[in-house]
Protein chains: 2
Amino acid sequence: MTTKVELLEVPLSQAFLDWTKTKQAHIESVLERTLPPASLAPQTLHRAMRYSALGGGKRIRALLCYASAELCNTEANIADATASAVELIHAYSLVHDDMPCMDDDDLRRGKPSCHKQFDDATALLVGDALQTLAFEVLSAPQLCENAKQQINMINILAKAAGSYGMAGGQAIDLSAVGVALTQHELETMHQLKTGALIQAAVLLGANGSEAHIAAVSIYAKNIGLAFQVIDDILDVEADTHTLGKTAGKDANSNKATYVTILGLADAKKHARQLHEAAIDALAPFGDNAQRLRALASFITQRSF
Amino acid sequence: MTTKVELLEVPLSQAFLDWTKTKQAHIESVLERTLPPASLAPQTLHRAMRYSALGGGKRIRALLCYASAELCNTEANIADATASAVELIHAYSLVHDDMPCMDDDDLRRGKPSCHKQFDDATALLVGDALQTLAFEVLSAPQLCENAKQQINMINILAKAAGSYGMAGGQAIDLSAVGVALTQHELETMHQLKTGALIQAAVLLGANGSEAHIAAVSIYAKNIGLAFQVIDDILDVEADTHTLGKTAGKDANSNKATYVTILGLADAKKHARQLHEAAIDALAPFGDNAQRLRALASFITQRSF
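It should be emphasised that the depicted structure is a prediction, and the values quoted were computed from it without experimental measurement.

Peer 1: Can you walk me through the overall build of chain A in this structure?
Peer 2: Each helix and strand in chain A was counted, giving 15 helices and 2 strands. For chain A, with 304 residues in total, the buried portion stands at 61%. Long-range contacts, defined as pairs at least 24 residues apart, comprise 73% of the intrachain contacts of chain A with a sequence gap of at least 6. Entry remark: accessible area of chain A is about 11400 Å², with carbon and sulfur atoms responsible for 52%.

Peer 1: Sorry if this is basic, but what is going on with the nonpolar core here?
Peer 2: For soluble globular proteins, nonpolar side chains are generally found buried alongside one another. One finds L64, L157 and Y219 of chain A together with L64, L157 and Y219 of chain B to be the most contacted residues of the largest nonpolar core, which totals 206 residues. Leave out the neighbours within four places in its chain, and L157 of chain B touches A85, V86, I89, A134, F135, L138, L197 and L204 of chain B.

Peer 1: Would you mind showing me how to read the pattern of salt bridges here?
Peer 2: Oppositely charged side chains may form a pair once their charged atoms are brought near each other. Residue and element names in this part refer to chain A. Enumeration over the complete set of coordinates arrives at 14 salt bridges over all chains. With a shortest N-O distance of 3.1 Å, E87 and R59 are connected by a salt bridge. In this pair, E87 is assigned in helix α4 (residues 76-97) and R59 in the loop between α2 (43-53) and α3 (60-71), connecting sequence segments 28 residues apart. Considered together, E87 and R59 belong to a single accessibility category, that of buried residues. Taking the shortest distance from any N to any O, the salt bridge between E237 and K268 comes out at 3.2 Å. A residue pair is termed long-range when its members are at least 10 positions apart, and E237 in helix α10 (residues 210-237) and K268 in helix α14 (residues 264-281) qualify at 31 residues. On the accessibility criterion, K268 (17% relative accessible area) is buried.

Peer 1: Looking at this structure, how should I read helix α14 (residues 264-281) of chain B?
Peer 2: One full turn of an α-helix is made of 3.6 residues, so residues set three or four places apart face in the same direction. All names here are of chain B. Helix length check: α14 (18 residues) gives 26 Å between terminal C-alpha atoms against 26 Å at 1.5 Å per residue, within 8%. Among all positions in α14, only A267, K268, H270, A271, L274, H275, A278 and A281 are buried. Axial view of α14: buried residues confined to an arc of 160°, hence all on one face. Of the residues in α14, the exposed ones pointing more than 90 degrees away from the buried face are A265 and D280.

Peer 1: Just to check I follow, could you spell out helix α1 (residues 14-34) of chain A for this structure?
Peer 2: All names here are of chain A. Between the first and last C-alpha of α1 there are 30 Å, a value that for 21 residues agrees with the 30 Å anticipated at 1.5 Å per step. Residues F16, W19, T20, I27, E28, V30 and L31 constitute the buried set of α1. Residues of α1 that are buried make contact with α2, α3, α4 and α15 (290-301).

Peer 1: Where do I start with the relation of the copies chain A and chain B in this structure?
Peer 2: Mapping between the two copies of the chain is achieved by a rotation about an axis and a shift along the axis. After a rotation of 180° and a shift along the axis of 0.0 Å, chain A superposes on chain B with an RMSD of 0.0 Å. Both copies of the chain, as the preceding transformation shows, are related through a two-fold rotation axis. When C-alpha positions in chain A are compared against the rotation axis, the closest is assigned to A147 of chain A, at 2.7 Å. Both copies present the same face, since 100% of the interface residues in chain A are matched by interface residues at the equivalent positions in chain B.

Peer 1: Is there a simple way to think about the interface of chain A and chain B in this case?
Peer 2: Interfaces are often sized by the accessible area lost when the parts come together. With 46 residues of chain A at the contact, the number on the chain B side is 46 residues. Between chain A and chain B, roughly 3700 Å² of surface is buried when both sides are summed, and carbon and sulfur atoms account for 70% of that area. Linking chain A to chain B there are 0 salt bridges. For the side of chain A that touches chain B, the secondary-structure elements that each account for two or more residues are α2, α4, α6 (120-138), α7 (147-161) and α8 (166-175) of chain A. No other element matches the 10 residues that α6 of chain A contributes to the side of chain A that touches chain B.

Peer 1: For this particular structure, what's the right way to read the packing of aromatic side chains?
Peer 2: Two numbers describe a pair of aromatic rings. These are the distance of the centres and the angle of the planes. Scanning all chains against the criterion turns up 7 aromatic pairs over all chains. Seen from their ring centres, F135 of chain A and F135 of chain B are 4.6 Å apart, and the 5° between their planes marks the pair as stacked. Remark: F135 of chain B occurs in helix α6 (residues 120-138) and F135 of chain A occurs in helix α6; the pair is interchain, linking two chains. In this structure F135 of chain A comes out as buried when scored by relative accessible area, which is 0%. Taking 5.5 Å as the distance between ring centres and 80° as the angle between the ring planes, the aromatic pair formed by Y51 of chain B and F118 of chain B counts as edge-to-face. With Y51 of chain B in helix α2 (residues 43-53) and F118 of chain B in the loop between α5 (114-117) and α6, this residue pair connects regions lying 67 residues apart in the sequence. Each of the two residues, Y51 of chain B as well as F118 of chain B, counts as buried. One aromatic cluster is present, built from ring pairs that chain together F16, W19 and F298 of chain A. Lying across the ring of Y66 of chain A, K23 of chain A places its NZ or CZ 4.7 Å from the centre.

Peer 1: I would appreciate a short explanation of the side chain of T257 of chain A in the present structure.
Peer 2: Residue and element names in this part refer to chain A. Counting through the fold element by element, T257 comes out in the loop between α12 (249-252) and α13 (258-262). On the basis of relative accessibility, which here comes to 6%, the residue T257 falls in the buried class. Engagement of the side chain of T257 in a polar contact is seen with the backbone nitrogen of V259, the distance being 3.1 Å.

Peer 1: So what exactly am I meant to see when it comes to unusual backbone geometry here?
Peer 2: What is expected of a backbone is that most residues other than glycine have negative phi and most peptide bonds are trans. All names here are of chain A. Backbone torsion omega between A41 and P42 reads -5°, so that peptide bond is classified as cis. Looking at the secondary structure, you find P42 in the loop between α1 and α2. Look at D104: it is not a glycine, yet its phi comes out positive at around 50°. With respect to the helices and strands, D104 occurs in the loop between α4 and β1 (107-108). A positive phi angle is found at R109, which is not glycine, with a value near 50°.

Peer 1: Which parts of the structure should I look at to understand the state of the cysteines?
Peer 2: Two cysteines whose sulfur atoms are joined by a covalent bond form what is called a disulfide. Throughout the structure, instances matching the rule amount to 0 disulfides over all chains. C144 of chain A forms no disulfide, and the closest cysteine sulfur to it belongs to C65 of chain A, at a distance of 12 Å. Unpaired in terms of disulfides, C101 of chain B finds its nearest cysteine sulfur in C101 of chain A, a separation of 7.1 Å.

Peer 1: Is there a simple way to explain the packing of α8 of chain A against helix α9 (residues 183-206) of chain A in this structure?
Peer 2: Geometry of a packed helix pair, given as the angle between the helix axes and the separation of the axes. Residues and elements named next belong to chain A. The contact between α8 and α9 brings their axes to 7 Å, and the two run at 150°. Regarding α8 and α9, the two cross each other, and that crossing is left-handed. Where α8 approaches α9, its residues M166, G168, G169, Q170, I172 and D173 are matched on the opposing element by M189, L192, K193, A196 and L197. Each residue belonging to the contact of α8 with α9 can be placed in one class, and the counts come to 6 nonpolar, 3 polar and 2 charged.

Cut-offs and rules
- What you see as residue numbers is a count from 1 along each chain, following the sequence as written.
- Chains carry letters and ligands carry numbers; both start at the beginning, A for chains and 1 for ligands, and go up in the order they are written.
- Totals for whole chains, interfaces and linings use all residues, but because this is a predicted model, local features are given only for residues with pLDDT of at least 70 and pairs of side-chain atoms are given and counted only at 80 or more.
- Working from all heavy atoms in the structure, the side-chain values ignore hydrogens and water.
- Under the DSSP-based scheme used, a helix requires at least four consecutive residues in state H or I and a strand at least two consecutive residues in state E, with every element numbered from the N terminus.
- Think of it in three bands: residues with accessible area under 20% of the maximum for their type are buried, residues over 50% are exposed, and the middle band is partly exposed, with areas taken using a 1.4 Å probe on protein chains only.
- When checking whether two residues touch, look at their non-hydrogen atoms; a contact exists if any pair is within 4.5 Å.
- Computed with a 1.4 Å probe, the accessible areas rest on the Shrake-Rupley method; for each residue, only the protein chains presented here act as cover.
- Throughout, nonpolar core names a set of buried Ala, Val, Leu, Ile, Met, Phe, Trp, Tyr and Cys residues whose side chains join them through atoms within 4.5 Å.
- Here, a salt bridge means any side-chain nitrogen of Lys or Arg that lies within 4 Å of a carboxyl oxygen of Asp or Glu.
- Expected helix span is given by 1.5 Å per residue-to-residue step, counting one fewer step than there are residues.
- The arc refers to the directions leading from the helix axis to the C-beta atoms.
- What sets the superposition is a least-squares fit of C-alpha atoms, and only residues with pLDDT of at least 70 in both copies go into it.
- Defined here as a combined quantity, buried area equals the accessible surface (1.4 Å probe) lost by two parts on assembly, summed across both.
- Between rings of Phe, Tyr and Trp, where Trp is taken as its six-membered ring, a pair exists when centres lie within 6.5 Å; planes separated by under 30 degrees are stacked, by over 60 edge-to-face, and by other angles tilted.
- Our definition puts a charge over a ring when NZ of Lys or CZ of Arg is within 6 Å of the ring centre and also within 35 degrees of the ring normal.
- Here a polar contact is recorded for every N or O atom pair within 3.5 Å, except that within protein the pair must consist of a potential hydrogen donor and a potential acceptor, and residues adjacent in sequence are included only if both atoms are side-chain atoms.
- Cysteine sulfur atoms are paired as a disulfide whenever they fall within 2.5 Å.
- Only C-alpha atoms enter the line fits that serve as axes; for helices the fit covers just the stretch in contact. Angles between N-to-C directions range over 0 to 180 degrees.
- Left-handed describes a crossing in which the near helix is turned anticlockwise from the far one by less than a right angle; the clockwise case is right-handed.
- Residues are grouped as follows: nonpolar covers Ala, Val, Leu, Ile, Met, Phe, Trp, Tyr, Cys and Pro; charged covers Asp, Glu, Lys and Arg; every other residue, Gly included, is treated as polar.

Keep in mind these numbers describe shape, not what the thing actually does.
So, in structure tokens, the structure goes:
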């Protein structure tokens, strides 16, 4: 049984759904090539890195990156590098988040999480090495003709992942268990924890094209928050099997979520508003932003 | 009581010792400015990052970086960025290595290790965020006039820290507990675990100056291994108080070390040979490499 979060009525075209499938397969093959082969020493670490970064997830961040790259005519090799770097950072964060000292989750994408499949020490090193690999990918010599632009991309990713971004959001999340957060505080936390990397995905796809940065930033910020609101809704509405990770976990662990703060109906309404704000930000691009628009719907309509 | 490892007779000049003190104080102030202030949210994470990266250690990697920068006339701001990036990577690795699922060490630089002072989840995030910060520092816009050179520096650091470098060495180390390693296997492990970052420190200081890279690489490789041999000797000879971390730990945990494989006397002899090979590699630079020569002695003579 799949649980559909009914939020929007925007139909997704078959062409768009085909595009997502093609790009999901494509980023998988890019990551296949990018990750160290399991045959090379240290084998266990490399096997565990591949286990954690391959074969799963909707690759929302990569899709955002590719759609943004399409809008900005970013070269294919740069789009591949940025999409894989963002997915590697995301994969590292999941591996560390699942560890016993953090969220202690045994299940990820329908499989045992990394520390369950291997062990805690390996999971720690897997996360560490996946993060490093993201920066290695983005610092490949000859990636961009414009080296200054490449440095800018690395800086965007570092800022999004660090203590003022994803890692900082995770720290705030940790300290917020059992605390009655306001909606504003919850939003700040998510803006860092998941929003920063989603925003980075869109900005990296845009590849420094300044004309587009401002508009796609607003799009990315809103879609990032919408994504999180949906996550909270799914945590309540979906079951563990369809979610591929433990359902009801946030509610059970006494964490503030959009659903606990707003209630289910208003959380859905909030997701719709965020979605609309994201779409509005794309107005200047006209038809060229169709893919980003469809992705916004894809994210807010996703059923797992 | 301090324990002196008598390995070499090379006297260190007062001028050199003054230089190390000056540079140690300098890198401390650079890191002070680089790390997020503890007053900014998320405060606990930032406080723990500062706790872990400031106020301790001999800053061997930063000193190597500065001495190499001196040899290659690297600009001061680039030397500061590379020295602090390398120290941040080193600090991150110590925080993660000390965690219960890894070496489970309660003491670091004479203070409670990060996870003891804070908690495991915070230590995990501290390591993650310190690594990210290293790449943020190196990707600062306008750091280098030559952007391609800057990308090269980031790539050197990423390779040294990743699964074919430091993290990989740590993985090999983990899998080697209780295993009878050969000297060659032990050397490979250390070459990755500590050698790669030490080598990166010297190469980053050299800042892409190709004429110097080959020679300083050999210097760095040998001094990196010597450093580890001394570490193994100190683990046996020094006491916990003077070492600032738990002494006798490797021997007690049934880990292969240079001392267990070679015996104490031959381990010292091996350190001397590595030291000499490092010095030999500097011959082409004549007097210009005095600082790197003295550092080689400093590293092999260190008494803690």
